[in-house]
Amino acid sequence: MEGLHASLRASQVPAFRVMEVMKAAHERERVGGKVLHMEVGQPSVGAPAAVLDAARASLDACGRGETTLGYTVADGTDALRRRIARHYADRYSVDVDEDAVMVTTGSSAAFVLGFIAAFGPGDRVAIATPGYPCYRNILEALGVEVVSIPVDAATNFQPTTGLLDEALKKDPRPLKGLIIASPSNPTGTVLKTSELFALHAWCKERAVWFVSDEIYHQIEYGEERATSALESPGAAESVLVINSFSKYHCMTGWRIGWCVVPPALRGAMRALQQNLFINAPTIAQHAALAAFDCDDELGKHVDRYRENRAILLEGLPRAGFTKLSSAGGAYYIYADVTHLTEDSVQLCKKILETTGVACVPGVDFDRERGLGFVRFSFANSTETAREAVRVLVEKKEEWCV
């Protein structure tokens, strides 16, 4: 209808380029073409058996009239919040009050709730680029000014206190927040404990909220596990940790995550949860409780990712992708392709057309330099990783033009 349109703020939120790749891959499959899926950032398997059993038990109980699977309190069920708090004691030796835990509709809702609670229109929040595009898109939709911290292989694609200092020299207006991700998307890089602690100390000294995206924790390939920001001295008052059952626990579509909330934000986030989401999906909360007891099954998936990673780190250079991120965690490798193309969007299209390998251009993750990068996901089967390397090498003259 004339005169009715989306708001300017909403219309400025860009679409995911990865969805275009997925659509093109689907069209190729629809007409009988083979696709080697390396574009999607989710596990290629479903939730663990015990999670499915717990969901069935909840449905059966509802069928018998023993429960309605209705609303829970906004923060989530007591049992799940208590179990999440125990997870931090077991894995990180950190005491977390269950009252600090909020169960959310995936990590996405946690970002929305946390960002609204911590930041107001006009506040300045720093993010590393390349990085997960939703950080920027949610913040900008809320009227928050995003301060990009360009990172590259020199700092393992992670921010440093020196880079933050440089950003403030260019524009001395204070920051209200810093968002970090370790392991990260799209690079898979992991902060060392000393690096994470230094970043948190920098923020704490300047009264800057420290938001730590830890959704890829437990998908790690180094000798040491990834460090939680909650392990940093003084973290309880100034750190917002966000996590999810989507990645390690293979529950993407269940839309269940959590955050550990500092005291100053709890009241606001609870009120926002009540008004925006009411509660995370009830059946997913009951099912997720079982996920913490599935490490034997889930560890086998991580072993597969580890093997896939090794295949790609060895094989991609033979196909011409010689500059790769360290990929110490998650299931992504970020490849610098500036020596191969000036337009990674077109390169990814050509690779899909000629080899059937679906990969993602870097423009979703870095608006300024993304045309020079490609992300490969290795969350699929080991056979997919091997075949992708084979066809990329064998058909290089067809796609690298």
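This one's a predicted model, so the numbers in the text were calculated from it and none came from an experiment.

Each helix and strand counted, the protein has 15 helices and 13 strands in total. Against the globule reference of 21 Å for 401 residues, the protein gives a C-alpha radius of gyration of 21 Å, in line with a compact fold. By principal-axis analysis of the C-alpha atoms, the protein measures approximately 60 × 60 × 60 Å. By residue count, 53% of the 401 residues in the protein fall in the buried class. Contacts spanning at least 24 positions in sequence make up 73% of the contacts within the protein whose residues lie at least 6 apart.

The tally for this structure, following the rule as stated, stands at 19 aromatic pairs. Pairing Tyr-305 with Tyr-331 gives two aromatic rings, centres 5.2 Å apart and planes at 70 degrees, and the pair type is edge-to-face. Residue Tyr-305 is located in helix α12 (residues 295-315), and its partner Tyr-331 is located in the loop between β9 (323-324) and β10 (332-336); the two are separated by 26 residues in the primary sequence. Taken individually, Tyr-305 and Tyr-331 each receive the classification buried, so the pair is uniform in this respect. Chaining the aromatic ring pairs together yields one cluster made of Phe-111, Phe-115, Phe-119, Tyr-132 and Tyr-135.

Before going further, it helps to examine empty space enclosed by the protein. Scanning the entire structure with this criterion turns up three cavities of 30 Å³ or more. Computed from the structure, the largest cavity encloses a volume of approximately 110 Å³. Lining the largest cavity are 14 residues, and of these Ala-128, Pro-130, Gly-131, Ala-181 and Ser-184 sit closest to its centre. Counting residues per element, the ones that place at least two in the lining of the largest cavity are β3 (124-129) and β5 (177-181). Here the lining of the largest cavity takes three residues from β5, the largest share from any one element. Partitioned by chemical class, the residues of the lining of the largest cavity number ten nonpolar, four polar and no charged.

Along the chain, the position of Thr-341 falls in the loop between β10 and α13 (344-355). Here the side chain of Thr-341 touches Asp-343 through a polar contact of 2.9 Å, landing on its backbone nitrogen.

This next bit is on the pattern of salt bridges. Opposite charge on two side chains allows them to pair when their charged atoms are near. Summed over the entire model, instances satisfying the criterion amount to 27 salt bridges. Here Glu-220 and Arg-91 are joined by a salt bridge, their closest N and O atoms 3.2 Å apart. Residue Glu-220 is found in the loop between β6 (209-213) and α9 (235-238), and its partner Arg-91 is found in helix α4 (residues 78-92); the two are separated by 129 residues along the sequence. Using a relative accessible area of 10% as the deciding quantity, one classes Glu-220 as buried. Because the salt bridges share partners, they merge into one network encompassing Lys-34, Glu-387, Arg-390 and Glu-394.

Turning our eyes to something else, we now look at the sheet that holds β3. The sheet built from seven strands is open, its strands ordered β2-β8-β7-β6-β5-β3-β4 with mixed pairing. The open sheet is flanked by β2 (101-104) and β4 (145-150), the only strands paired with a single partner. Shown here is a sheet whose adjacent strand axes are inclined to one another by a mean of 20 degrees, direction ignored. Note that β2 and strand β8 (residues 257-260) share four bridges and pair antiparallel. Residue pairing for β8: Val-103 is matched across the bridge by Trp-258. Packing against the sheet, α4 makes contact with β2, β7 (239-244) and β8, and its axis sits at approximately 115 degrees to β2.

About the criteria used
Residues numbered from 1 in each chain as written. Predicted model: local features only at pLDDT ≥ 70, side-chain atom pairs only at ≥ 80, totals over all residues. Heavy atoms only, no water. Helix = DSSP H or I, 4+ residues; strand = E, 2+ residues; numbered from the N terminus. Rg over C-alpha atoms; globule rule 2.2 N^0.38 Å. Buried < 20%, exposed > 50% of the residue type's maximum accessible area, 1.4 Å probe, protein only. Contact = heavy atoms within 4.5 Å. Phe/Tyr/Trp six-rings, centres within 6.5 Å; stacked < 30°, edge-to-face > 60°. 1 Å grid on protein atoms, 1.4 Å probe; cavity = no way out; pocket = protein on both sides within 12 Å on 5 of 7 lines; lining within 4 Å. Points joined across faces, edges and corners; volume = space filled by probe spheres on them. Nonpolar A, V, L, I, M, F, W, Y, C, P; charged D, E, K, R; others polar. Polar contact = N/O pair within 3.5 Å; in protein donor to acceptor, adjacent residues only side chain to side chain. Salt bridge = Lys/Arg side-chain N within 4 Å of Asp/Glu carboxyl O. Pairing = 2+ DSSP bridges. Axes fitted to C-alpha atoms, helices over the stretch in contact; angles between N-to-C directions.

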